Amino acid sequence: CHGNETLKVVDLSSTKCGVAGAIAMLKCSSLTSVRLFNNNLGSDGFEALTPLLEGGHPSLEHLDLGGNRAKESAVASLLTAIMVRYEPDISVLRTIELGGNEVGDEVERILKQMEIIRPEIDVARDRPSVEQPNDFQGMQNALQE
């Protein structure tokens with residue numbers, strides 16, 4: 001990637017690129033979109049990427065880290081780092097995909113803060129699993145009334 005300013009999009013989904021490959025992609029200044037989906041980066045990978053994403057990113061607009069099985073604490077650390085806003089703000093990061101990693105109350109709390117501090121960033125993730133009542137019976141009852 002060094003010296004190649006024309007490369008804008010890299011899809012390394014399911015390539016087993018490893019943490020080193022992911023780090024190399026985030027250091028590439030020409031990239032605007034990086035897909036690292038399903039590379040089993042795990043919590044160690046998220047922790048290694050966190051310093052590279054502190055304050056956002058100067059060239060990446062879209063980052064897909066979905067399906068990497070990171071624990072909630074690592075996801076929370078990553079989001080907390082991205083949420084930092086430096087002056088001048090050089091981050092162009094607009095979308096980060098985190099589905100397929102652990103999301104719970106801590107991450108949801110950070111995302112609420114992020115909506116205020118970094119409203120320009122859309123974070124796609126799995127919702128925490130909460131048992132929902134089966135509304136089918138309720139709909140049937142309402143239709144019969």
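Just above sits the structure.
Residues numbered from 1 in each chain as written. Predicted model: local features only at pLDDT ≥ 70, side-chain atom pairs only at ≥ 80, totals over all residues. Heavy atoms only, no water.

A. Representation of the sheet that holds strand β1 (residues 9-11). What the five strands build is an open sheet, ordered β1-β2-β3-β4-β5; its pairing is parallel. Sheet topology places β1 and β5 (122-124) at the edges, where each strand pairs with a single neighbour. Neighbouring strand axes in the sheet, compared pairwise and without regard to direction, differ in orientation by 5 degrees on average. Two strands pair when backbone bridges link them, and strand β4 (residues 95-97) and β5 are joined in this way by three bridges, in the parallel orientation. Across the sheet, residue Thr95 finds its bridge partner in β5, namely Asp122. (Pairing = 2+ DSSP bridges. Helix = DSSP H or I, 4+ residues; strand = E, 2+ residues; numbered from the N terminus. Axes fitted to C-alpha atoms, helices over the stretch in contact; angles between N-to-C directions.)

B. A look at the pattern of salt bridges. Tallying each qualifying case throughout the model produces eight salt bridges. A salt bridge links Asp64 to Arg35; the shortest N-O distance between them is 3.0 Å. Remark: Arg35 occurs in strand β2 (residues 33-35) and Asp64 occurs in strand β3 (residues 62-64); sequence separation between them is 29 residues. Owing to a relative accessible area of 29%, Arg35 belongs among the partly exposed residues under this scheme. Asp89 is the salt-bridge partner of Arg118, the closest N and O atoms lying 3.0 Å from each other. (Salt bridge = Lys/Arg side-chain N within 4 Å of Asp/Glu carboxyl O. Buried < 20%, exposed > 50% of the residue type's maximum accessible area, 1.4 Å probe, protein only.)

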